[in-house]
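# Fold and contact review
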Amino acid sequence: MSDEFPGWHGTTIIGVRKGGQVVIAGDGQVSLGQTVIKGTARKVRRLSPGGHEVLCGFAGSTADAFTLLERLEKKLEAAPGQLQRASVELAKDWRTDKYLQKLEAMLIVTDGKELYVITGAGDVLEPEHDVAAIGSGGNFALAAARAMMDTDKSAEEVARTAMAIAADICVYTNGNLTVETLG
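Below is a short write-up of the structure. The residue count restarts for each chain, going from 1 along the sequence in the order it is written. Local features in a predicted model are, by the rule used here, given only for residues with pLDDT of at least 70; side-chain atom pairs are given and counted only at 80 or more, and totals for whole chains, interfaces and linings are based on all residues. Side-chain figures throughout are based on the complete set of non-hydrogen atoms in the structure, without hydrogens or water.

### Brief notes about a nonpolar patch on the surface
- For patch detection, residues must exceed 30% relative accessible area and be free of salt bridges, and they are connected within 9 Å for like charges or within 5 Å for nonpolar side chains (Val, Leu, Ile, Met, Phe, Trp, Tyr). Surface accessibility in these figures is a Shrake-Rupley result with a 1.4 Å probe; residues are shielded only by whichever protein chains are displayed. Criterion for a salt bridge: a side-chain nitrogen of Lys or Arg within 4 Å of a carboxyl oxygen of Asp or Glu. A contiguous nonpolar surface patch, about 240 Å² in accessible area, is contributed by Phe-140, Ile-165 and Ile-169.
- Secondary structure elements follow DSSP: runs of H or I no shorter than four residues count as helices, runs of E no shorter than two count as strands, and numbering proceeds from the N terminus. The topology assignment puts Phe-140 in helix H3 (residues 138-148).

### Some remarks on the side chain of Arg-45
- The topology assignment puts Arg-45 in strand E6 (residues 44-47).
- Accessibility here uses a 1.4 Å probe with only protein chains present; expressed as a share of the type maximum, an area under 20% marks a residue as buried, one over 50% as exposed, and anything in between as partly exposed. For this count, His and the chain ends are skipped, Lys and Arg are scored as positive, and Asp and Glu as negative. Although Arg-45 lies buried, it forms no salt bridge, and the closest oppositely charged side chain, Glu-180, sits 7.8 Å away as judged by the N-O distance.
- Separated by 3.2 Å, the side chain of Arg-45 and the backbone oxygen of Arg-42 make a polar contact.
- Arg-45 has contacts with Val-54, Leu-55, Cys-56, Phe-66 and Leu-69, leaving out every residue within four places of it along the chain. For the purposes of these results, a polar contact is taken to be a pair of N or O atoms within 3.5 Å, where, inside protein, one atom must be able to donate a hydrogen and its partner to accept one; residues adjacent in sequence count only when each atom of the pair is a side-chain atom. The contact definition used throughout considers only heavy atoms, calling two residues in contact when any of these lie within 4.5 Å.

### Some details on the pattern of salt bridges
- Taken as a whole and judged by the stated rule, the model has nine salt bridges.
- Between Arg-160 and Glu-156 there is a salt bridge whose closest N-O contact spans 2.9 Å. Taken together, the positions of Arg-160 and Glu-156, both in helix H4 (residues 155-169) and four residues apart, correspond to about one turn of that helix.
- Overlapping salt bridges bring together Arg-42, Arg-46, Glu-53 and Glu-180 as one network.

Right, here's the structure in full:
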């Protein structure tokens, strides 16, 4: 047996903006090495700072992600209804604060209009083609969703189908979804 910690894996989060609706969906799997530790984790949250609803999905360390969500919520309370500003402020703090720099997570956030991926490298990315995905199965879900964006499917249908495809391909993704919608 190796002395190296095998690391936590498992999460696929997708954000889809289509037809006036924005959806964030996430699976429920958390794996440690080759073992599924939990299959029903909830990695998509709805925040309401200052009465403005924001959806957040996270991939990576759960404790780190909750720290970031708390910080984002404080930034949103200081700048109500200004998701871009709050996201940039969080990314700046994450990049420059020695404590936050050690956090290993990524976020997808939306207020129903804007959709961003926030990273520890200081990035606030607005995805092309109105689809963002992060986590172990993120690239599978992203490719599947992009292929469906020109169909008659709603944002939620695109997200759910893309997540099902990712779960069929990625061993660190399952079909236990949490889906939140705005718009």
